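Fold and geometry: a report
One letter stands for each residue in the lines below.
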Amino acid sequence: MKKIRIFFSSIDPCGSEVSRQCDGPETQVDFSQMEIHYKNANPNVLQRVQEIRTYWETEGERLLFTPKARITLMQRKTAVQICGQDILDRDERIERVAALVWSIGDALEIKSVEWMQQKKNMKGLLLDVTGSLCLYAMHSTLLDWIEKHIASPIGLSAIEEYYPGVDGCNSGIIGKIQEICKTEQWIGVRPYGARMLYPKQ
């Protein structure tokens, strides 16, 4: 279990930005769904899953998991410049938007590729899946944190989520989010091509 390091900024109507950083909530990987999936789909892989879990709990989490998040709170009109009017017009209740980028760091991805290059393909694949589980755990934990520490203190509630490339939200906004959140400066996440970020997890 590790605490998520959060880098938070709020942009006021005049464009001024106030930033702070803090140790956020703890998060950890839940291997149960991976175990259930492989138990049903391919029981022969279940032992490999258990080996990855043991590796993770003994040293992998400590060496490969560096959870960080960049959260930027902005006024609706600022968000329109990034997301487009059509997205925010879906709900007139939206007063402010929190742009959120979260990452586990690049160490896990590097280790996964290393194992695959050593022909340890299943081991590398399962480690990559572990990284996805980390992101999933961070996501739900961060949404709770935003509700409690950002929305609620100013009398608001988190009511919608928009993902680049999903439900009509243009994937091209990834670069704009990276730019306004300064993710490379704060959490080491940088553009990778036109529509992706690195690290990928």
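Heads up: the structure comes first, above all this text.
Owing to the predicted nature of the structure, the values given are computational and were not obtained by experimental measurement. (Residues numbered from 1 in each chain as written. Predicted model: local features only at pLDDT ≥ 70, side-chain atom pairs only at ≥ 80, totals over all residues. Heavy atoms only, no water.)

A word on the overall build of the protein chain
Stated precisely, the cut-off is as follows: Each helix is a run of DSSP H or I of at least 4 residues and each strand a run of E of at least 2, with the numbering of both proceeding from the N terminus. Note that the radius of gyration is over C-alpha atoms, with the globule rule given as 2.2 Å times the number of residues to the power 0.38. Only protein chains enter the calculation, and the probe is 1.4 Å; a residue is then buried if its accessible area is under 20% of its type maximum, exposed if over 50%, and partly exposed in between.
When you go through the protein chain residue by residue, the secondary structure sums to eight helices and six strands. Element order for the protein chain, N to C, with α for helix and β for strand: β-β-α-α-β-α-α-β-α-α-α-α-β-β. What you see for the protein chain is a C-alpha radius of gyration of 18 Å, in line with the 17 Å of a compact globule of 201 residues. With the principal axes as the frame, the protein chain shows a C-alpha extent of 55 × 30 × 30 Å. The 201 residues of the protein chain split such that 41% are buried.

Thoughts on the environment of Gln117
Mapping Gln117 onto the fold places it in helix 5 (residues 107-117). Residue Gln117 is classed as exposed on the basis of its relative accessible area of 62%. Considering only alpha carbons, one finds Gln117 and Gly155, 38 residues apart in sequence, at a separation of 51 Å.

Focus: the state of the cysteines
The test is simple: Any pair of cysteine sulfurs within 2.5 Å is marked as a disulfide.
Summed over the entire model, instances satisfying the criterion amount to zero disulfides. With no disulfide of its own, Cys134 lies closest to Cys22 among cysteine sulfurs, the gap being 20 Å. When its relative accessible area of 0% is taken as the criterion, Cys134 is described as buried.

What to know about the packing of helix 2 (residues 46-64) against helix 6 (residues 121-151)
The packing of two helices is summarised by the inter-axis angle and the distance between the axes. Put simply, the rule is: An axis is simply a line fitted to the C-alpha atoms; with a helix, the fit covers only the stretch in contact. Between two such axes, the angle follows the N-to-C directions and lies from 0 to 180 degrees. Note on terminology: angles under 35 degrees are roughly parallel, angles over 145 are roughly antiparallel, angles of 65 to 115 are roughly perpendicular, and the others are oblique. Crossings are sorted by hand: turned counterclockwise from the far helix by less than a right angle, the near helix makes the crossing left-handed, and turned clockwise it makes it right-handed. Only heavy atoms matter for contacts: two residues are in contact if any of them lie within 4.5 Å across the pair. Each residue gets one of three labels, nonpolar for Ala, Val, Leu, Ile, Met, Phe, Trp, Tyr, Cys and Pro, charged for Asp, Glu, Lys and Arg, and polar for the others, Gly among them.
As a packed pair, helix 2 and helix 6 sit with axes 10 Å apart at the nearest point and diverge in direction by 60 degrees. As summarised for this structure, helix 2 and helix 6 are arranged oblique, according to the angle between their axes. The handedness of the crossing between helix 2 and helix 6 is right-handed. Note on element contacts: helix 6 touches helix 2 through Met122, Lys123, Leu126, Leu127, Thr130 and Cys134, opposite Arg48, Val49, Ile52, Tyr55, Trp56 and Leu64. Looking at side-chain class alone, the contact of helix 2 with helix 6 contains nine nonpolar, one polar and two charged residues.

A closer look at the nonpolar core
Put simply, the test is: We define the nonpolar core as a collection of buried residues of types Ala, Val, Leu, Ile, Met, Phe, Trp, Tyr and Cys that are connected through side-chain atoms lying within 4.5 Å of one another.
One finds Ile6, Trp56 and Ile71 to be the most contacted residues of the largest nonpolar core, which totals 32 residues. When contributions to this core are tallied by element, the ones reaching two or more residues are strand 1 (2-11), helix 1 (32-41), helix 2, strand 3 (68-75), helix 5 and helix 6. Considering every element that reaches this core, the biggest residue donor is helix 6, with 10 residues. Every residue in contact with Trp56, bar those within four places of it in the chain, is listed here: Val29, Phe31, Glu61, Leu64, Phe65, Leu108, Leu127, Thr130 and Cys134. Ranked by size, the runner-up nonpolar core spans 17 residues in total, among them Met74, Ile94, Val97 and Ile187.

Bear in mind that shape data such as this cannot, by itself, settle questions of function.
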